[in-house]
Amino acid sequence: MTMTYAVAGAQSASQHPMSARLDAYVANNEFDRPTLIVDVDRVEEQFNALKAGLGRADIHYAVKANPALEIISRLVSLGSHFDAASRGEIEICLSQGARPETISFGNTIKRPADIAWAYNAGIRLFAADADEELEKIAEHAPGSDVYIRLIVEVSQADWPLTRKFGCDKDTAIRLLDVAKSLGLNPVGFSFHVGSQTRKAEMWEPSLDALAEIWHAGKAAGHDLTLLNIGGGFPAFYGEAIQAPTDYAAAVMEMINAKFGDVATIMAEPGRGMVAEAGVIACEVLLVSRKSDRDVHRWVYLSIGRFSGLAETEGEAIRYQFETPRDNDAMGPCIMAGPSCDSADVLYEKRPMPLPLTLKAGDRVLIRNTGAYTSTYSSVCFNGFPPLDVVCI
Ligand SMILES: Cc1ncc(COP(=O)(O)O)c(C=O)c1O
């Protein structure tokens, strides 16, 4: 049966029209478990749109966002480079024809055995933010290029990456010296302004602070040739975002103005490349109220925090849900996943509007879920199978 879906909640008219291919595929297929459907042509479109704005910067797709082989192989054919977080991600890239010199091992927390493995596979570019990490790289990947990750202390991103990663100015400049003394080649710095930074202008305060460190590094006599500007490029989750080419061009304009002449610039989009290329099809398992006085209905889906929707943590990412009943009257719902874990609640602080007629068995589509869903899905928590992925 073919059903039409309307978007629940506001959608800016300036956003990309929904993928007709995705809609057709979803309408013509049944799914016996939560399934992410990815339109690989749409990934290509995003790559081209970002590339048009990024200009001379090399795109290193952040594989962690979605490592589906079809996505990686398409990006290889488009000339993308890759940011890999682990041996597993490097293996995926190589298996799809990526050349080792296009892959950077961007995790600052690496197993020595994996560094050695990557070095033997031809990887020569590594990230670090600490002395011990540099020592590991020097021992297992001697002579390699390294970039030092800088801490981004204040982020305006919906999914910030502060605190856990990077180091401050003095440490960063000292680590350049340490790298050199260990026989490594310290080529520059990296940073990440935080994932889902909705507007390019939100980068500005971070870039001011980071550019100061770049110039201090150069003034200290380091021949810095590489700047890795990380990810942060947003996807549409209901709140207005800048279109990808405009956004990337605005970022590059700021980078050029603040950092000056940099020989090599890398960008590592993950979410901005794949999120809008994917839709999850799942179903309602239960609609209930805890008491007669309960003001909110509870809507339990067949997918939850542990089966793909991890980014609902702190209600940070608010997905867009569509049902075949969206033309009916709406009311606020607490949304939860199917597992026997009380942390498996998706939205409670800010309930989600859903049709009052919604009931068990109804299909639910979750838009723009191509990033950070399949990779966050547990293997078999509570016996539920991991999120299935279909690439079209
Ligand atoms: C080192 C690094 N680069 C790039 C990315 C991708 O970021 P985004 O999905 O915001 O583009 C991440 C995300 O965690 C990251 O850790």
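Residues numbered from 1 in each chain as written. Predicted model: local features only at pLDDT ≥ 70, side-chain atom pairs only at ≥ 80, totals over all residues. Heavy atoms only, no water.

As annotated in an unreviewed UniProt entry, the protein chain carries the name ornithine decarboxylase and is attributed to Marivivens donghaensis. The record held by UniProt for the protein chain lists under Sequence similarities (unreviewed entry) the comment "Belongs to the Orn/Lys/Arg decarboxylase class-II family." The UniProt entry for the protein chain carries the following text under Pathway (unreviewed entry): "Amine and polyamine biosynthesis; putrescine biosynthesis via L-ornithine pathway; putrescine from L-ornithine: step 1/1." (UniProt positions renumbered as here; feature names shortened; annotations may be inferred.)

Peer 1: Quick question: what am I supposed to make of the overall build of the protein chain here?
Peer 2: When its secondary structure is counted, the protein chain shows ten helices and 17 strands. Relative to the 2.2 N^0.38 estimate, which gives 21 Å for 392 residues, the radius of gyration of the protein chain is 22 Å and therefore close to what a compact globule would have. With the C-alpha coordinates aligned to their principal axes, the bounding extent of the protein chain is approximately 70 × 40 × 40 Å. When burial is assessed residue by residue, the protein chain has 53% of its 392 residues classed as buried. Of the contacts made within the protein chain by residues no fewer than 6 positions apart, 72% connect residues no fewer than 24 positions apart. Total accessible area on the protein chain stands at roughly 16,000 Å², and carbon and sulfur atoms take up 51% of it. On the protein chain, the mean spot of the 36 positive side-chain charges and the mean spot of the 51 negative ones are 2 Å from each other. (Helix = DSSP H or I, 4+ residues; strand = E, 2+ residues; numbered from the N terminus. Rg over C-alpha atoms; globule rule 2.2 N^0.38 Å. Buried < 20%, exposed > 50% of the residue type's maximum accessible area, 1.4 Å probe, protein only. Contact = heavy atoms within 4.5 Å. Areas by Shrake-Rupley, 256 points an atom, 1.4 Å probe, with all protein chains shown as cover. Lys, Arg positive; Asp, Glu negative; His and termini not counted. Charge placed at Lys NZ, Arg CZ, Asp CG, Glu CD.)

Peer 1: Looking at this model, I keep getting lost on the nonpolar core. Mind explaining?
Peer 2: Across soluble globular proteins, nonpolar side chains have a tendency to be buried as a group. Core analysis: the biggest nonpolar cluster contains 95 residues, and Phe-191 and Ile-229 have the highest contact counts within it. Sorting elements by how many residues they give to this core places helix α9 (residues 244–259) first, with seven residues. Here this core gathers at least three residues from each of two domains, domain 1 (6–37 + 275–391) and domain 2 (41–274). Excluding residues that lie within four positions of it along the chain, Phe-191 makes contacts with Leu-150, Val-152, Trp-203, Leu-207, Leu-210, Leu-227, Asn-228, Ile-229, Gly-230, Ile-255 and Phe-259. With seven residues, the next largest nonpolar core counts Leu-22, Val-26, Val-279 and Ala-281 among its residues. (Core = buried A, V, L, I, M, F, W, Y, C linked by side-chain atoms within 4.5 Å. Domains from an automatic or database assignment.)

Peer 1: What should I look at first to understand the site of the ligand in this one?
Peer 2: Surrounding the ligand, one finds 14 residues, the nearest of these being His-192, Ser-195, Glu-268, Gly-270 and Tyr-372. Asp-83 places a side-chain nitrogen or oxygen 3.3 Å from a nitrogen atom of the ligand. Contacts to the ligand include Gly-232, whose backbone N or O atom sits 2.9 Å from an oxygen atom. Coverage of the ligand by the protein chains reaches 91% of its 400 Å² of free accessible surface. Looking at the shell around the ligand residue by residue, the classes come out as four nonpolar, five polar and five charged. (Near = heavy atom within 4 Å. Polar contact = N/O pair within 3.5 Å; in protein donor to acceptor, adjacent residues only side chain to side chain. Nonpolar A, V, L, I, M, F, W, Y, C, P; charged D, E, K, R; others polar.)

Peer 1: Please explain the UniProt feature "domain: Orn/DAP/Arg decarboxylase 2 N-terminal" (unreviewed entry) in the protein chain as it appears in this structure.
Peer 2: With numbering aligned to this structure, UniProt lists the feature "domain: Orn/DAP/Arg decarboxylase 2 N-terminal" (unreviewed entry) at residues 41–275. The straight-line gap between the two end C-alpha atoms of residues 41–275 is 13 Å; of that span, 43% is helix and 14% is strand.

Peer 1: Sorry, what's going on with the packing of helix α4 (residues 87–95) against helix α5 (residues 112–120) here?
Peer 2: Between two packed helices, both the angle of their axes relative to each other and the distance between the axes serve to describe the pair. At their nearest, the axes of α4 and α5 sit 10 Å apart, and the two run at 20° to each other. As judged from the angle between their axes, α4 and α5 are roughly parallel. Pair α4 / α5 crosses with left-handed handedness. Two secondary-structure elements touch here, α4 through Arg-87, Ile-90, Glu-91 and Leu-94 and α5 through Asp-114, Trp-117 and Ala-118. (Axes fitted to C-alpha atoms, helices over the stretch in contact; angles between N-to-C directions. Parallel < 35°, antiparallel > 145°, perpendicular 65-115°, else oblique. Left-handed = near helix turned anticlockwise from the far one by under 90°.)

Peer 1: Sorry if this is basic, but what is going on with helix α1 (residues 20–27) here?
Peer 2: For an α-helix, 3.6 residues make a turn, and residues three or four places apart therefore share a direction. Listing the buried residues of α1 in full gives Leu-22, Val-26 and Ala-27. Angularly, the buried residues of α1 cover 125° about the axis, an arc narrow enough to put them on a single face. In the core, the buried residues of α1 are packed alongside β2 (35–38), β11 (278–288) and β16 (363–367). (Arc of directions from axis to C-beta.)

Peer 1: Which parts of the structure should I look at to understand the pattern of salt bridges?
Peer 2: Pairing is possible between side chains that carry opposite charge, provided their charged atoms lie close to one another. Within the structure shown, the criterion is met by 24 salt bridges. Of the charged contacts, one joins Arg-174 and Asp-131 as a salt bridge, the two residues approaching to 2.9 Å between their closest N and O atoms. Pair noted here: Arg-174 is in helix α7 (residues 169–181) and Asp-131 is in helix α6 (residues 131–140), with a separation of 43 residues, a long-range link. When its relative accessible area of 38% is taken as the criterion, Arg-174 is described as partly exposed. (Salt bridge = Lys/Arg side-chain N within 4 Å of Asp/Glu carboxyl O.)

Peer 1: Help me understand unusual backbone geometry, please; the structure alone is not making it clear to me.
Peer 2: Leaving glycine aside, a negative phi is the common case for residues, and trans is the common case for peptide bonds. Even without being glycine, Gln-196 reaches a positive phi, approximately 60°. On the secondary structure map, Gln-196 appears in the loop between β8 (185–190) and α8 (204–219). A relative accessible area of 1% places Gln-196 in the buried class. Backbone geometry at Asn-368 places phi at a positive 55°, although glycine is not the residue there. The topology assignment puts Asn-368 in the loop between β16 and β17 (388–391).

Peer 1: How should the domain arrangement of the protein chain be read in this particular structure?
Peer 2: Interfaces are often described in size by the accessible area the parts lose on coming together. Under the domain assignment, the protein chain is made up of domain 1 (6–37 + 275–391) and domain 2 (41–274). Computed from C-alpha coordinates alone, the two centres of domain 1 and domain 2 are separated by 31 Å. If you look at the interface, domain 1 gives 27 residues, while domain 2 gives 25 residues. On the surface where domain 1 and domain 2 come into contact, there are three salt bridges. Of the charged contacts in the structure, one is a salt bridge between Arg-21 and Asp-41, with a shortest N-O distance of 3.1 Å. Linking domain 1 with domain 2 are eleven residue pairs in polar contact (both at pLDDT 80 or more), by the criterion used here. Here the residues of the side of domain 1 that touches domain 2 sort into twelve nonpolar, ten polar and five charged.

Peer 1: Sorry if this is basic, but what is going on with the environment of Ile-72 here?
Peer 2: Mapped onto the elements, Ile-72 comes out in helix α3 (residues 69–77). For Ile-72 and Cys-93, which are 21 residues apart along the polypeptide, the C-alpha to C-alpha distance reads 6.5 Å.

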